[in-house]
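Geometric and topological summary
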Amino acid sequence: TMDIVDTAVSAGNFTTLVAAVKAADLVETLKGAGPFTVFAPTDAAFAALPEGTVEDLLKPENKAKLAAILTYHVVAGKVMSTDLSDGMTPDTVNGETVTIKTEGGVTINGTTVSTADINADNGVIHVVDAVLMPKG
């Protein structure tokens, strides 16, 4: 099986996410033992951000900000959709929490999980339809 990064690359609809992970120097982390749960925004989710946002975040001087956003999409451990409960607030790798709702479909901070439980050898990917922005 493939790790989280290779799984995202092979899916084909995470090119922006993969580019961002590379720009933030998080490739080795997400290829590590984990396990990790990644709420992965699609290319369409990144494209929905205000014009110029992605290009700005990919600049070397914004590496820390980019890393903070990306690590806000990662929870330590392998959390499958069947492990989720309504109202749970897991800590993300960046230290802030996200809020999970399960009524009428799973959402993270109000963002829909469009595809759940994509297994990787070091964790799991859940596809989200928007980029999650940390409060801090």
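Here's what I pulled together on the structure shown here. (Residues numbered from 1 in each chain as written. Predicted model: local features only at pLDDT ≥ 70, side-chain atom pairs only at ≥ 80, totals over all residues. Heavy atoms only, no water.)

This part takes up the pattern of salt bridges. When the charged atoms of two side chains lie near each other, side chains of opposite charge can form a pair. Counted according to the given criterion, the structure contains four salt bridges. Here D56 ties to K59 by a salt bridge, and the two come within 3.4 Å at their closest N and O atoms. What makes K59 partly exposed here is its relative accessible area of 37%. Salt bridges linked by common partners bring D3, D6 and K31 together as one network. (Salt bridge = Lys/Arg side-chain N within 4 Å of Asp/Glu carboxyl O. Buried < 20%, exposed > 50% of the residue type's maximum accessible area, 1.4 Å probe, protein only.)

Here we come to the sheet that holds strand β3 (residues 100-101). Read from one edge of the open sheet, six strands run β2-β1-β6-β5-β4-β3, paired in mixed fashion. Each edge of the open sheet is held by one strand with a lone partner, namely β2 (74-76) and β3. Bridging between strand β4 (residues 107-108) and strand β5 (residues 111-120) involves two bridges; their strand directions are antiparallel. Within the sheet, the bridge partner assigned to T107 lies in β5 and is T112. Contacting β1 (36-41), β5 and β6 (123-128), helix α1 (residues 4-11) runs over the sheet at an angle of about 40° to β6. (Pairing = 2+ DSSP bridges. Helix = DSSP H or I, 4+ residues; strand = E, 2+ residues; numbered from the N terminus. Contact = heavy atoms within 4.5 Å. Axes fitted to C-alpha atoms, helices over the stretch in contact; angles between N-to-C directions.)

Right, let's talk about the environment of A64 for a bit. Here A64 lies in helix α6 (residues 63-71). We classify A64 as exposed; its relative accessible area is 64%. Sequence separation between A64 and A48 is 16 residues; the distance between their C-alpha atoms is 22 Å.

Once that is clear, we can look at empty space enclosed by the protein. Enumeration over the complete set of coordinates arrives at one cavity of 30 Å³ or more. There is about 30 Å³ of room inside the largest cavity. Around the largest cavity, the lining residues are A20, F46, V54, L57, L58 and L66. (1 Å grid on protein atoms, 1.4 Å probe; cavity = no way out; pocket = protein on both sides within 12 Å on 5 of 7 lines; lining within 4 Å. Points joined across faces, edges and corners; volume = space filled by probe spheres on them.)

Inspection of α6 places L66, A67, I69, L70 and T71 among the buried residues, and these make up the whole buried set. Structurally, α6 contributes buried residues whose contacts are with α2 (15-23), α5 (53-57) and β2.

Our focus in this paragraph is unusual backbone geometry. Note: most peptide bonds trans; most residues except glycine with negative phi. Residue P35 follows G34 across a cis peptide bond; omega there is 0°. Positionally, P35 belongs in the loop between α3 (27-30) and β1. Positive phi values are uncommon outside glycine, yet D117 reaches one of about 60°. Within the secondary structure, D117 is located in strand β5.

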